[in-house]
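Examination of the molecular architecture
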There are 2 protein chains.
Amino acid sequence: MTTIGIMADSDILERFGERVRKLRKKRGWSQEEFAHQCGLDRTYVGGVERGERNIALRNIERIAETLEMTLSQLMGGI
Amino acid sequence: MTTIGIMADSDILERFGERVRKLRKKRGWSQEEFAHQCGLDRTYVGGVERGERNIALRNIERIAETLEMTLSQLMGGI
């Protein structure tokens, strides 16, 4: 409840970034490994995870594919 | 089944655009009314619906809010 509250109050980019970081770590991947699998730059992925990037749909899809999730699942709870 | 097959084969931007158009029409809104409610330009929304725009997360959120859906619901089935 508290967590959901905090998530909902923060910026969408931050919420998405936190979600990606959590899912990446759950899989035991470093930012570098993950970025490589996504075909994205590590610094870009770092920026996404910190909520500094207004990431567009094509890159969101790459992230979902790498995590083997649907877009809907990736967006779950944010 | 056929529809799902077609959806999955087409480009993510097209799938997202079709999804938005369908949800907008379901609510009986014109593109202009919808764009206004989203705080976006009508021509931009038209481009999104045609799959011509690699829409970024902040604008995806505006669309979800206007449709009164979560991001996960908006991304459902695409």
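For the structure, check the block above.
Everything in this summary refers to the structure shown in the same document. None of the values given here were measured: they were computed from a predicted structure. (Residues numbered from 1 in each chain as written. Chains lettered and ligands numbered in written order. Predicted model: local features only at pLDDT ≥ 70, side-chain atom pairs only at ≥ 80, totals over all residues. Heavy atoms only, no water.)

Next up on the list: unusual backbone geometry. All names here are of chain A. Of note, the phi angle at glutamate 68 is positive, near 55°, even though the residue is not glycine. Tracing the backbone shows glutamate 68 in the loop between helix H5 (57-66) and helix H6 (71-74). Exposure remark for glutamate 68: the relative accessible area of 73% places this residue in the exposed category. (Helix = DSSP H or I, 4+ residues; strand = E, 2+ residues; numbered from the N terminus. Buried < 20%, exposed > 50% of the residue type's maximum accessible area, 1.4 Å probe, protein only.)

Right, let's get into the interface of chain A and chain B. Contacts between the two partners involve 17 residues from chain A and, on the opposite side, 17 residues from chain B. Broken down residue by residue, the surface that chain A buries against chain B is led by A:Ile12, A:Leu57 and A:Arg58, which jointly contribute 36%. Between B:Arg15 and A:Glu61 there is a salt bridge, with the nearest N and O atoms lying 3.7 Å from each other. Summed over the shared surface of chain A and chain B, the result is 9 residue pairs in polar contact (both at pLDDT 80 or more). Secondary-structure elements contributing two or more residues to the side of chain A that touches chain B are helix H2 (12-26), H5 and H6 of chain A. For the side of chain A that touches chain B, the per-class residue count stands at 10 nonpolar, 3 polar and 4 charged. (Contact = heavy atoms within 4.5 Å. Buried area = accessible area lost by both parts, 1.4 Å probe. Salt bridge = Lys/Arg side-chain N within 4 Å of Asp/Glu carboxyl O. Polar contact = N/O pair within 3.5 Å; in protein donor to acceptor, adjacent residues only side chain to side chain. Nonpolar A, V, L, I, M, F, W, Y, C, P; charged D, E, K, R; others polar.)

Bringing the environment of A:Ala56 into the picture now. You can see A:Ala56 is positioned in the loop between helix H4 (42-49) and H5. Each residue touching A:Ala56, except ones within four places of it in the same chain, is listed here: B:Asn54, B:Ile55 and B:Ala56.

A word on the relation of the copies chain A and chain B. Least-squares fitting of chain A to chain B yields an RMSD of 0.0 Å, with the transformation described by 0.0 Å of translation along the axis and a rotation of 180°. What the superposition gives is, in effect, a two-fold axis relating one chain to the other. Across chain A, the smallest distance between a C-alpha and the rotation axis is recorded for A:Ala56, namely 1.8 Å. Residue by residue, 100% of the interface of chain A is reproduced at the interface of chain B, so both copies engage with the same surface. (Least-squares fit on C-alpha atoms with pLDDT ≥ 70 in both.)

With that out of the way, let us pick up the packing of aromatic side chains. Residues and elements named next belong to chain B. Per the stated rule, a full pass over the model turns up 2 aromatic pairs over all chains. Ring geometry for tryptophan 29 and phenylalanine 34: centres 5.9 Å apart, planes at 20°, overall stacked. Its relative accessible area of 0% is what places phenylalanine 34 among the buried residues. (Phe/Tyr/Trp six-rings, centres within 6.5 Å; stacked < 30°, edge-to-face > 60°.)

Another aspect to go through is the packing of H2(A) against helix H5 (residues 57-66) of chain B. In contact at an axis separation of 9 Å, H2(A) and H5(B) are set at 110° when each is read in the N-to-C sense. In terms of orientation, H2(A) and H5(B) fall into the roughly perpendicular class. Here A:Ile12, A:Leu13, A:Arg15 and A:Phe16 of H2(A) come into contact with H5(B), specifically with B:Leu57, B:Arg58 and B:Glu61. Of the residues contributing to the contact of H2(A) with H5(B), the split by class is 4 nonpolar, no polar and 3 charged. (Axes fitted to C-alpha atoms, helices over the stretch in contact; angles between N-to-C directions. Parallel < 35°, antiparallel > 145°, perpendicular 65-115°, else oblique.)

Remember that the coordinates give geometry; whether it matters functionally is a separate question.
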